[in-house]
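Here is how the chains run, residue by residue.
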Amino acid sequence: MQNLSPHFPALIIIVPLIAALLISAAGWLNRRFCFPLAALGLFTSLLVSVGLLSSVLVKDVILYRLGGWPAPWGILYRIDRLNGLVLVVIFFVAFLNLIANKRTVEESFPEQLGGFYALYVLFVTGLSGMVVTGDAFNLYVLLEISSLTGYALIGIGHERAPLAGLNYLFVGTIGASLYLLGIGFLYLMTGSLNMTDIGSLLPGLYNNPVVVLAFLLCMTGLFIKMALFPLHAWLPNAYSFSPAASIGVIAPLTTKVMIYVMIRITFDVFTPEFSFKMMHLGQVMVWLSVAAIIMGSLFALAQTRLKRMLTYVIIAEVGYMVGGFWLGNRMAVTGAVLHILNDAVMTLCIFLAAGAVIYQICGDDFEDFKGLFRKMPISMAAFTVAALSLIGVPPTCGFFSKWYLISGGIAAGHYGFVVALLFSSLVNAVLFFRIIEIGYFEPFPEGGHGEHHSPPAMEIREAPAGMLVCLLLAAVSLIVLGLYTGDIVTRIIDLAIPPAI
Amino acid sequence: MGVELFTDIASQYNYLGVVILMMIGLYAMIAKNNLVKKIIGMNIFQTAIILFYVSTGAKRGATIPIIQHGHNGHGHEVIHAAEYINPLPHVLMLTAIVVSVATLGVALALAIKVYHQYGTLEEDEIRGRLRE
Amino acid sequence: MRVIGLLIVIAFGSLLRYGVFFFPEWGDPASPASLHVSPHYIEEATAETAVPNLVTAVLADYRGYDTMFETTVIFAAGLACFMLLRVLQRQVPECRLYRHIPTGITLRIEKGGKLPTESGSFERIDANWVPHDLIIKTTARFITPFLQIFALYVIAHGHHSPGGGFQGGVILGAAIIMFAISYDLRRSIQRIGEQATAVLGSAGVLIYAGTGVLCMVLGADFLNYSALAGLMGVDPVMARSHSMLIVEIGVGVAVSAVMVWIYYNLSSAGRHDEGL
């Protein structure tokens, strides 16, 4: 068995894919193998992604030809520092969420374990394939894999889940089709599908309205899928009603991977010179992001249920990253990329904490949180760490990415963005301290919660061990990421952004 | 000016047809009330994009992309690219058609679930039922 | 909603119409799309892969990785329909309808009543009552084997004529669905059960991915079929042609199985007792 490391770029996708197929078969033949296969597949990919990132730090760019054909005739995988980082994040979040939700899945879908885990692993495969590919059409196919499995993972939820899932399907299909149409326009004008190849052929064609239209179509399609204001309406409903096990992997990852794709297309396909200077889109995008941040924060204030409030916080976070990116200067783009990493882990931690609490008290109204700090101290501690990170308190990672974004905003002279960021931090503080206050200071109502159908006081204990361990790992990594920010920025992110910025 | 407009439309009637189809599909998805009509509109929208891609592969006077020589092995004649239409858009659209069928399947499954839950497929009735 | 829809559609349509104006001429052999990548495919594909059908050559070899994920998409759709709709507890229906074939009388038996055995004279029919149609049933039985042979032909002959795994797989799935429609769902599930379709679906994609992994194990890149030349005992060019057939078979198996699986779940809304 020769050294497998030249094949890491392919292995990182193939291992989860084959694991998903075996899980589906195992679901019919012997259900006990489903969870171990899923855990094994995702863990192997996590190790491979860490290996890839460390080799990219040495080699700068890793290319892998699929089928042995050189680009542009075959499909090429291109891994640089940006991809490598996002890949590690994807598998870290997916693996932790899988382990944490083992018990929830077994209780919600006892007979369809194989189907659920196969959909889960296929979803992660689709996302990671989108990140690692260097071919524009291959990205569309993997986008559709992750979208279809996402619609199913959301549609099996409770209450209004099927309707929300169907609406998400309509909007998501329009988004993906617009992206496909944009790629079609680019193919019509250049004849190639490989991203770097298109990037080298486009500079002669910048004045052509077809190329401008292609850019707008691709970007609009991606904005729909990343829920940027005003195309965000599908997100609160779709995420609030999905089952706990799915939301932990869909919420942290979908929007961030779409933001990564936007960055990749803006840098590699349409070079920064075109995207930033010629399109004059920067101002419009930053104001849209400001609107997203403010609107997301205001709507979050109006909610009384935890999960729905968190979905509006996600919309505001998307505004941070998109605004930071389109400001165009080095600090802001560094902040946006750093925030992709940080926000994924923050969202994972807060949804795992919310999931643990909701699992124990069977409800997610704020009223149900009374006195929880005494009954579930560890979960609420992790919740507090995640809340501090969302607010932006050092030494958690959220502070550092906000600092980069604010410095970028000041450097670009865009004070509207800076004010929006500070406003959002303030609102997040209000949101989370409200919950923490109810949990810490309000006495636990003895004898049950009255009309809320939650278990009586004696039975509320700490969450199961599996959930707790993953929750603590996520919370600790928030602090570790914060402490290592300097290293991450200088060794990975600085070199991932093209020097033209 | 009128003649130019006519020659434009005459030379690009396929692309214009695609645009019209796409807009019909998009309108159905946005404005129709019945969920199944929205699903049909989605299918029309995706089919229009497929037609667009396939029509980019056409070449005047060219034949289908299957090389017609026998398998003599060593009697290779020179193959001119202009004699065969572009195979790449067809390949891409095989994938897109499969994706569109898969999306249609999942959409119908979700619509069946919505019907079981609310008893109707009309969106205004469902909204009315949600408000209660 | 209509007004907003109309406005969006008119604005978007005009934008696209304006863009269409600047497209290269339709059918021009010298357009960028025809000059950059595709001449290589047209001129070299048969020499490099020994497959005259250029679309199959590009689909299964040059862009074979995309095709593997396309098969995964269809498999994911089957899985999604299963997860969304399937109701696994058996529900005893309120009443059952039976038809006495010689006389055409329909019997309606409530829950708890004694059920006639299914034999030459009694058959169970669905709640959506349709008359007994000998012509449809006989024609379907007659046509099905020809359909299936044609499907296998389309899969196998994809190298030389339009065809391939997807097309043949859909025809094969349609043959089974035709049987399910002309008779009834229960009879079709007795012959090809849900477990078989689900496992065959994964098996098809595993054949494809497995070929790729085999290439990787033998030292070449993933899905680089020339690595299999030693195993097959032919030169690398023919090895590509043979491996393309293998992956097309995998695709055909997966697609037909998933088509039947989706039909089973959609037509009976997950209950698998009464179909269309």
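Residues numbered from 1 in each chain as written. Chains lettered and ligands numbered in written order. Predicted model: local features only at pLDDT ≥ 70, side-chain atom pairs only at ≥ 80, totals over all residues. Heavy atoms only, no water.

Chemist: Any details on the overall build of chain C? Residues and values, ideally.
Modeler: The helix and strand inventory of chain C stands at 11 helices and 3 strands. Along its sequence from the N terminus, chain C presents helices and strands in the succession α-α-α-α-α-β-β-β-α-α-α-α-α-α. Compactness check: chain C gives a C-alpha radius of gyration of 25 Å against a globular reference of 19 Å for 276 residues, more than 25% above the reference. If you line up chain C on its principal axes, its C-alpha atoms span 70 × 65 × 35 Å. Sorting the 276 residues of chain C into buried and exposed places 54% on the buried side. For chain C, contacts bridging at least 24 residues in sequence account for 60% of all contacts bridging at least 6. Accessible surface, chain C as shown: approximately 11900 Å² in total, 67% of it carbon and sulfur. Each charge class in chain C can be summarised by its mean position, and for the 18 positive and 21 negative side chains these summaries are 18 Å apart. (Helix = DSSP H or I, 4+ residues; strand = E, 2+ residues; numbered from the N terminus. Rg over C-alpha atoms; globule rule 2.2 N^0.38 Å. Buried < 20%, exposed > 50% of the residue type's maximum accessible area, 1.4 Å probe, protein only. Contact = heavy atoms within 4.5 Å. Areas by Shrake-Rupley, 256 points an atom, 1.4 Å probe, with all protein chains shown as cover. Lys, Arg positive; Asp, Glu negative; His and termini not counted. Charge placed at Lys NZ, Arg CZ, Asp CG, Glu CD.)

Chemist: Outline the layout of surface pockets, supporting the account with residue identities and numerical values.
Modeler: Gaps left between atoms show up when a probe the size of a water molecule is rolled over them. In this structure, the largest pocket encloses a volume near 1400 Å³. Forming the walls of the largest pocket are 43 residues, and the residues nearest its centre are A:Val171, A:Ile174, A:Ile224, A:Leu231 and C:Ile8. Elements with a contribution of two residues or more to the lining of the largest pocket: α7 (161-190), α9 (209-226), α10 (234-240) and α13 (282-301) of chain A, α2 (13-31), α3 (35-56) and α5 (123-131) of chain B together with α1 (2-20) of chain C. Considering every element that reaches the lining of the largest pocket, the biggest residue donor is α7(A), with 8 residues. When grouped by side-chain class, the residues that make up the lining of the largest pocket number 35 nonpolar, 4 polar and 4 charged. Its boundaries defined by the atoms lining it, the second largest pocket holds a volume of some 800 Å³. Forming the boundary of the second largest pocket are 36 residues, of which A:His158, A:Lys307, A:Ile358, A:Gly363 and A:Asp364 lie nearest the centre. For the lining of the second largest pocket, the leading source of residues is helix α15 (residues 330-361) of chain A, giving 7 residues. (1 Å grid on protein atoms, 1.4 Å probe; cavity = no way out; pocket = protein on both sides within 12 Å on 5 of 7 lines; lining within 4 Å. Points joined across faces, edges and corners; volume = space filled by probe spheres on them. Nonpolar A, V, L, I, M, F, W, Y, C, P; charged D, E, K, R; others polar.)

Chemist: Could you give me a rundown of the packing of α15(A) against helix α18 (residues 397-412) of chain A, with the residues and numbers involved?
Modeler: Helices that pack against each other are described as a pair by the angle of their axes relative to one another and the distance between those axes. All names here are of chain A. Close contact between α15 and α18 brings their axes to 8 Å; oriented N to C, the two are set at 155°. The angle between the axes of α15 and α18 places the two elements in the roughly antiparallel class. Handedness of the α15/α18 crossing: left-handed. On the side of α15, the interface is formed by Met-331, Ala-332, Thr-334, Gly-335, Ala-336, Leu-338, His-339, Asn-342 and Met-346, while α18 contributes Cys-397, Gly-398, Phe-400, Ser-401, Tyr-404, Leu-405, Ser-407 and Gly-408. Of the residues that constitute the contact of α15 with α18, the class distribution is 9 nonpolar, 8 polar and no charged. (Axes fitted to C-alpha atoms, helices over the stretch in contact; angles between N-to-C directions. Parallel < 35°, antiparallel > 145°, perpendicular 65-115°, else oblique. Left-handed = near helix turned anticlockwise from the far one by under 90°.)

Chemist: Describe the nonpolar core, with residues and values.
Modeler: By size, the foremost hydrophobic cluster in this structure holds 309 residues, and its most contacted members are A:Trp326 and C:Tyr65. Considering every element that reaches this core, the biggest residue donor is α15(A), with 20 residues. (Core = buried A, V, L, I, M, F, W, Y, C linked by side-chain atoms within 4.5 Å.)

Chemist: Which residues make up the packing of aromatic side chains, and what values do they have?
Modeler: Going through the model one piece at a time under the given rule, you end up with 35 aromatic pairs over all chains. Arranged with centres 6.0 Å apart and planes meeting at 65°, the rings of A:Phe383 and A:Phe432 form a pair that is edge-to-face. With A:Phe383 in helix α17 (residues 377-391) and A:Phe432 in helix α19 (residues 415-441), this pair connects stretches of sequence that are 49 residues apart. Among the aromatic residues, those joined into a cluster by ring pairs are A:Phe35, A:Phe109, A:Phe116, A:Tyr117 and A:Tyr120. Over the ring of A:Phe35 we find A:Lys102, and its NZ or CZ is 5.2 Å from the ring centre. Over the aromatic face of C:Tyr183 sits the side chain of C:Lys137, whose NZ or CZ is 5.6 Å from the ring centroid. (Phe/Tyr/Trp six-rings, centres within 6.5 Å; stacked < 30°, edge-to-face > 60°. Lys NZ or Arg CZ within 6 Å of the ring centre and 35° of its normal.)

Chemist: Break down the interface of chain B and chain A for me, citing the residues and quoting the values.
Modeler: The accessible area lost on association of the parts is a frequent measure of interface size. At the junction of the two partners, chain B supplies 35 residues and chain A supplies 29 residues. Buried area between chain B and chain A, both sides added, is near 2700 Å², and the carbon and sulfur share of it is 81%. For the chain B face of the interface with chain A, the top three residues by lost area are B:Phe52, B:Tyr53 and B:Leu110, together amounting to 19%. The tally of links from chain B across to chain A stands at 0 salt bridges. At the level of elements, α2, α3, α4 (88-118) and α5 of chain B are the ones that each hand at least two residues to the side of chain B that touches chain A. (Buried area = accessible area lost by both parts, 1.4 Å probe. Salt bridge = Lys/Arg side-chain N within 4 Å of Asp/Glu carboxyl O.)

Chemist: So what's going on with the interface of chain C and chain A? Residues and values would help.
Modeler: On the chain A side, the residues contacting the 55 residues of chain C number 62 residues. Summing both partners gives a buried area of about 5100 Å² for chain C against chain A, and 75% of it is carried by carbon and sulfur. At the junction of chain C with chain A, the criterion picks out 1 salt bridge. Here C:Arg63 makes a salt bridge to A:Asp135, at a shortest N to O gap of 2.7 Å. The interface formed by chain C and chain A holds 10 residue pairs in polar contact (both at pLDDT 80 or more) in total. Of the residues forming the side of chain C that touches chain A, the biggest block, 14 residues, is contributed by helix α5 (residues 64-85) of chain C. (Polar contact = N/O pair within 3.5 Å; in protein donor to acceptor, adjacent residues only side chain to side chain.)

Chemist: Pulling in residues and values, what's your account of the confidence of the model for chain A?
Modeler: Of the residues in chain A, 95% reach a pLDDT of 70 or more, and the chain-wide mean stands at 87. Long-range and interchain partners of residues 448-453 of chain A, a stretch whose pLDDT sits below 50, account for 9 contacts in this model, where long-range means more than four residues apart. (pLDDT = per-residue confidence, 0-100.)

Chemist: An account of empty space enclosed by the protein is needed here, citing residue identities and associated values.
Modeler: According to the stated counting rule, one finds 9 cavities of 30 Å³ or more in the structure shown. The calculated volume of the largest cavity comes to roughly 70 Å³. As for the largest cavity, its lining consists of A:Leu188, B:Tyr15, B:Ser55, B:Thr56, B:Ala58, C:Pro24, C:Glu25, C:Trp26, C:Gly27, C:Asp28, C:Ser31 and C:Ser34. Along the lines of polarity and charge, the residues of the lining of the largest cavity split into 5 nonpolar, 5 polar and 2 charged.

Chemist: Lay out the side chain of B:Ser100 in plain terms, naming residues and giving numbers.
Modeler: Residue and element names in this part refer to chain B. Inspection of the secondary structure puts Ser-100 in helix α4. Taking the relative accessible area as the measure of exposure, Ser-100 reaches 8% and is therefore buried. Only 3.5 Å separates the side chain of Ser-100 from the side chain of Asn-43, close enough to count as a polar contact.

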